Amino acid sequence: MKQKKILLSFLTLLLSTIMYAQQEITGTVTDAMGPVIGATVMEKGTTNGY
């Protein structure tokens, strides 16, 4: 019984972490010539890159 509670707690924590981490960034990176294919976007002030 104790193992089931531990497993359930772990799965709940894992699921909540996965749900919190889901963020979507949309848009188009452009320059003077138009859209830039294969551009990498970095979140300012972090090391998060998309």
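The structure contained in this document is the topic of the report that follows. (Residues numbered from 1 in each chain as written. Predicted model: local features only at pLDDT ≥ 70, side-chain atom pairs only at ≥ 80, totals over all residues. Heavy atoms only, no water.)

## A look at the overall build of the chain
Per the secondary structure count, the chain includes one helix and two strands. Taking all 50 residues of the chain together, the buried fraction comes to 2%. (Helix = DSSP H or I, 4+ residues; strand = E, 2+ residues; numbered from the N terminus. Buried < 20%, exposed > 50% of the residue type's maximum accessible area, 1.4 Å probe, protein only.)

## Some details on a nonpolar patch on the surface
Among the surface-exposed residues, L7, F10, L11, L14 and I18 lie close enough to one another that they form a single nonpolar patch of about 470 Å² accessible area. Its place among the elements puts L11 in helix α1 (residues 2–20). (Patch = residues over 30% accessible without salt bridge, like charges linked within 9 Å, V, L, I, M, F, W, Y side chains within 5 Å. Areas by Shrake-Rupley, 256 points an atom, 1.4 Å probe, with all protein chains shown as cover. Salt bridge = Lys/Arg side-chain N within 4 Å of Asp/Glu carboxyl O.)

## What about the environment of G49?
Note that G49 resides in the segment after β2 (34–35). According to the relative accessible area criterion, G49 is partly exposed, its value standing at 44%. G49 has contacts with V41 and M42, leaving out every residue within four places of it along the chain. (Contact = heavy atoms within 4.5 Å.)

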